[in-house]
Amino acid sequence: MARIPRQSTRTQTHPVDERLPLPRLALYGFQHVLAFYAAAVIVPVLLGNALGLSRPELVHLINADLLTCGVASIVQALGVWKIGARLPLVQGVTFTAVSPMIAIGLGAGGGTAGLLVVYGAVITAGIATFLFAPLFSRLVTYFPPVVIGTILTIIGITLIPVALQDAAGGAHLIGTPAYGDPKNLAYALGTLFFILALVRIGKPFLSSLAVLLGLVVGTAAAWLFGDTDFAAVGESHWFGITTPFHYGMPRFELLPIVAMLVVVLITMVETTGDVYAIGEITRKKVDADTVARALRADGAATVLGGVLNSFPYVAFAENIGLVRMSKVMSRYVVVAAGVFMVVLGLLPKAGSLVASVPHPVLGGAAISMFGIVAAVGIQILGKADLREERNTLILAVSLGAALLPTTVGPFFDRMPDDLRAVLDSGITLGVLTAITLNLLFNVFTRRGTMEIDWDDIGEEGPAEPRFGAPAH
């Protein structure tokens, strides 16, 4: 009798749940860390400088942020009870909260006293996010493709200027002759072209590591020309740990809490969009329960951030672009990245080494990744009927609103400080506009809203090969 071959269990495993060999997990995980690191530390740097913290206090903020990012990413990707989407989503501090937190901290006197009020608002907002997650996930029908696609397109478009700013040398050089120096642009373009060349070669392994190799080669080139300084690595301590309530017990005040609740409401919409985006990329079905678990992870991470001297957390759009580019979809890669982040949070010297990657090199790599986030949004917009005038107006007006703070900086200078905290964020303004217009045009008028149709995607794997070989 002919022997029936045993069906491989590998073919039954969705790429999201695939367990890769340890060396590849480490490489791909470290690539996520490099792609994520600059954006991860920029929020504590901005807030710490705005509140006038000392250098040791600022270093502590950065270490606390990295440690919490690692723990939150592990929980989001691995899943604990009903917490975590079990998708390759990296958790990071939301940019939406930067302006409100600065306003809250300065209103409380700045310094560590201001941080205590910020942390009280962050902890409260995290608890609210966790408790509200199941109800919010059932409101997904009010976020049709025209809203989700618009949100992701806005996130990508508003992040691209950040990458371009790094490509010119970094925001800290604005106003100096070094900003826009041809040498900086050469590093950025060289890194970008190197990444594109690796992808063009089409070798699966090289394509999947294109961003990591681009960052390494770009940094090596900058070091050879004397434009990378590793002195801070030698000055950093080998070991450092953040302790709960390092700056003192949080202070809970009503107005700061209300402001932070508005922030997390927006980040919940952002996470919802990111969950659908990663589902679109990995061809993994996303439902209300998946969204609820992702939002619970956001809430738990935000509470943990307030306890461990960090900030509100959200699924990071930057790394969604990396998943799309590398076509490595295993959630265990994000778990590995989370482990690396925890280590970096405990080893300031190792974190300083990663921080030595020059801004132009980071900018060159980020241009492609942020652009991919916008491309995923456009892909989802393809599921909306943009021949319908109302949908077209939702997209058009929301994009205009999102670009307003970026292109016309002084536009809201005469607004009250509390209102500027919302209006000065392109993501916040664009997302609120998209949601409001959708409610006005499609919900309150009782017109049907088309949901993302997952039936044509299937649950058994992506339509494209995982490493980027041509799809037929």
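Below is a short write-up of the structure. Not measured: the values here are computed from a predicted model. (Residues numbered from 1 in each chain as written. Predicted model: local features only at pLDDT ≥ 70, side-chain atom pairs only at ≥ 80, totals over all residues. Heavy atoms only, no water.)

### Considering the overall build of the protein chain
Counting its regular elements, the protein chain contains 18 helices and two strands. Among the 472 residues that make up the protein chain, the fraction classed as buried is 54%. Taking the contacts inside the protein chain whose residues are at least 6 apart along the sequence as the reference set, 83% of them involve residues at least 24 apart. Counting only carbon and sulfur atoms, one obtains 66% of the accessible surface of the protein chain, whose full area is about 20,300 Å². (Helix = DSSP H or I, 4+ residues; strand = E, 2+ residues; numbered from the N terminus. Buried < 20%, exposed > 50% of the residue type's maximum accessible area, 1.4 Å probe, protein only. Contact = heavy atoms within 4.5 Å. Areas by Shrake-Rupley, 256 points an atom, 1.4 Å probe, with all protein chains shown as cover.)

### Some details on the side chain of Asp166
Positionally, Asp166 belongs in helix 5 (residues 145-167). The buried charged residue Asp166 lacks any salt bridge, with Lys183 as its nearest oppositely charged partner at 16 Å. At 3.0 Å, the side chain of Asp166 and the side chain of His359 are in polar contact. Once residues lying within four places of it in the same chain are set aside, the contact partners of Asp166 are His359, Pro360 and Gly363. (Lys, Arg positive; Asp, Glu negative; His and termini not counted. Salt bridge = Lys/Arg side-chain N within 4 Å of Asp/Glu carboxyl O. Polar contact = N/O pair within 3.5 Å; in protein donor to acceptor, adjacent residues only side chain to side chain.)

### Concerning the packing of helix 5 against helix 10 (residues 254-282)
As a packed pair, helix 5 and helix 10 sit with axes 9 Å apart at the nearest point and diverge in direction by 100°. Comparing their axes, helix 10 and helix 5 come out roughly perpendicular. On the side of helix 5, the interface is formed by Ile148, Ile151, Leu152 and Ile155, while helix 10 contributes Val269, Glu270, Thr272, Gly273, Asp274, Tyr276 and Ala277. For the contact of helix 5 with helix 10, the residue count by class is seven nonpolar, two polar and two charged. (Axes fitted to C-alpha atoms, helices over the stretch in contact; angles between N-to-C directions. Parallel < 35°, antiparallel > 145°, perpendicular 65-115°, else oblique. Nonpolar A, V, L, I, M, F, W, Y, C, P; charged D, E, K, R; others polar.)

### Digging into the packing of helix 5 against helix 15 (residues 359-381)
Where helix 5 contacts helix 15, the two axes come as close as 7 Å, and the packing angle between them is 165°. As judged from the angle between their axes, helix 5 and helix 15 are roughly antiparallel. Considering the relative orientation of helix 5 and helix 15, their crossing is left-handed. In the contact of helix 5 with helix 15, the residues fall into 21 nonpolar, eight polar and one charged. (Left-handed = near helix turned anticlockwise from the far one by under 90°.)

### Details of the side chain of Thr267
Secondary-structure assignment places Thr267 in helix 10. Among the polar contacts made by the side chain of Thr267, one reaches the main-chain carbonyl oxygen of Val264 at a distance of 2.8 Å.

### Re the packing of aromatic side chains
Tallied over the entire structure, the rule returns three aromatic pairs. Their ring planes at 65° and their centres at 5.5 Å tell us that Phe30 and Phe340 sit as a pair that is edge-to-face. Taken together, the residues span a long stretch of sequence, with Phe30 in helix 1 (residues 22-51) and Phe340 in helix 13 (residues 331-346) at a distance of 310 residues. When its relative accessible area of 30% is taken as the criterion, Phe30 is described as partly exposed. For Phe340, a relative accessible area of 27% translates into the label partly exposed. (Phe/Tyr/Trp six-rings, centres within 6.5 Å; stacked < 30°, edge-to-face > 60°.)

### As for the nonpolar core
One finds Leu87, Leu89, Ile155 and Leu215 to be the most contacted residues of the largest nonpolar core, which totals 65 residues. A total of eleven residues in this core trace back to one element, the largest contributor, which is helix 15. When near neighbours in sequence (up to four residues on either side) are disregarded, Leu87 contacts Val16, Gln76, Ala77, Val275, Ile278, Lys284, Val286, Thr290 and Arg331. Counting 51 residues, the second largest nonpolar core, distinct from the first, contains Val90, Val98, Phe311 and Tyr332. (Core = buried A, V, L, I, M, F, W, Y, C linked by side-chain atoms within 4.5 Å.)

### Notes on helix 5
Between its first and last C-alpha, helix 5 extends 32 Å over 23 residues, near the 33 Å set by a 1.5 Å rise per residue. Phi turns positive one or two residues past the end of helix 5, at Gly169, with a value near 130°. (Expected span 1.5 Å × (residues − 1).)

### Things to note about unusual backbone geometry
Negative phi is the rule for most residues except glycine; trans is the rule for most peptide bonds. The backbone of Arg86 sits at a positive phi, close to 55°, despite the residue not being glycine. Here Arg86 is to be found in the loop between helix 2 (55-78) and strand 1 (91-93). Despite not being glycine, Asn309 shows a phi value in the positive range, around 70°. In this structure, Asn309 sits in the loop between helix 11 (288-307) and strand 2 (313-315).

Read these as geometric descriptors, not functional statements.
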